[in-house]
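Residues per chain, in single letters:
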Amino acid sequence: MTAPTTAPIAGQTCPPHTYHHSHLQLFRFSAVSWNSHRIHYDAAFAATEGFPDVVVQSTLHGETLTRHVLDWAGPEAELASVSWRNRATAVAGEQLTWTATVRTVEPCDEGARVTLDAAVLKEDGAPCVTGSVELTWRAARTSP
Amino acid sequence: MSAALEEVLGRARKLIGEWEHEDCGVLAVKDFCRYAASLNDDDYIRRARAQEAAGEPVVAPPLFLAGTLSWQDGPTEDALQRDGLAAREAPCTDGLPVRHVHGGQSVRLGGPVLAGTRVTAERAITSADHRSGRSGEFVLLGITTRFTAQDTAEDTVDGAELMAMDETIVVLDLDLPDAPAEGDPRPAGGAAA
């Protein structure tokens, strides 16, 4: 994804990104985050709770929501806050699409405070996760 | 509301505002890199190891603290609930026929989270509400966690708030006549995590 060369403007849309989480990734993310909830790596157990396969972790959705924004924004942007709501289940292997639109751009001491509305959509376009990501957009950043 | 959900609600309301303190330990570059690896972030790993080799501060992936479900050493398997969660990760539900999903999260970043920093967390239930929707009744627990730097890496301010996080956990009766549907008010997204 190519980062914008100047601070964005309100209403600007980020290029969408389509992806999926593999079974292996869900297992590894559970392991590294010390999350032993069986619905994330045990498909038979997940079925007992009504899920068609192992379930994408909420925190992994939060990572995705944030990371695509940061990738789009480039090195001049830094995460200030993120919030999200889980609206539907996503499971391993399911095609998902990240989308985001710049909601506000306001000046701040460091440069600009940029807020985006971001979402993860299911293949049929239904929202899986919705939220917002707030960035500090530095006017001139000198270190990574 | 079922007796199980009544019990969850009663337990939770007694705990509202009671802050638990937890030592998250000293953060290590390896932990950061493994977390990044699980996200397929090679760039982070290369950069972090290069910074470490050069004696420069290494900052954690932005959501590392929020993404880590537990900082405990355990528990061992025999102390986990049937769904694999430890009691701490499924508050107020021990021994009850319920299940959990994660409703959502709000994370505010403070100072940089640096390798070598000892971090402590304060955590409390801040709300407990009974709700009902199209698919039935549930209890919504609000939990707030604050992460603070303690004796620290060289470039971190002692006592600085590193992150504050609000999350909601949805507690449901275990019996499920069918799979949760999209748009179900029982948020079916992630799981209690």
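What counts as what
Residues numbered from 1 in each chain as written. Chains lettered and ligands numbered in written order. Predicted model: local features only at pLDDT ≥ 70, side-chain atom pairs only at ≥ 80, totals over all residues. Helix = DSSP H or I, 4+ residues; strand = E, 2+ residues; numbered from the N terminus. Expected span 1.5 Å × (residues − 1). Buried ≥ 20, exposed ≤ 12 C-beta atoms within 10 Å, placed from the backbone. Arc of directions from axis to C-beta. Axes fitted to C-alpha atoms, helices over the stretch in contact; angles between N-to-C directions. Parallel < 35°, antiparallel > 145°, perpendicular 65-115°, else oblique. Left-handed = near helix turned anticlockwise from the far one by under 90°. Contact = placed C-beta atoms within 7 Å. Nonpolar A, V, L, I, M, F, W, Y, C, P; charged D, E, K, R; others polar. Pairing = 2+ DSSP bridges.

This paragraph deals with helix α1 (residues 3-15) of chain B. All names here are of chain B. Taking 1.5 Å of rise per residue, 13 residues should cover 18 Å, and α1 covers 19 Å from first to last C-alpha, within 8% of that figure. Those residues of α1 that fall on the buried side of the exposure criterion are Leu5, Val8 and Ala12. Summarising the axial view, the buried residues of α1 lie within an arc of 55°, below the 170-degree limit, and thus occupy one face. Opposite the packed face of α1, turned more than 90 degrees from it, sit the exposed residues Ala3, Gly10 and Lys14.

All names here are of chain B. For the pair helix α2 (residues 29-38) and helix α3 (residues 42-53), interaxial distance at closest approach is 9 Å and the crossing angle is 165°. Compared by their axis directions, α2 and α3 come out roughly antiparallel. Every pair of crossing elements has a handedness; the one defined by α2 and α3 is left-handed. Mapping the contact onto sequence places Val29, Phe32, Cys33, Ala36 and Ala37 in α2 and Tyr44, Ile45, Ala48 and Glu52 in α3. Classifying every residue of the contact of α2 with α3 gives eight nonpolar, no polar and one charged.

Turning our attention to the sheet that holds strand β5 (residues 161-173) of chain B. Sheet architecture is open: ten strands sit in the order β1(A)-β3(A)-β4(A)-β5(A)-β2(A)-β2(B)-β5(B)-β4(B)-β3(B)-β1(B), paired in antiparallel fashion. Only two strands of the sheet have a single neighbouring strand rather than two, namely β1 (17-19) of chain A together with β1 (20-26) of chain B. Within this sheet the neighbouring strands show an average axis-to-axis angle of 25°, counted without direction. One ladder, built from 14 bridges, connects strand β3 (residues 118-133) of chain B with strand β4 (residues 136-149) of chain B; its direction is antiparallel.

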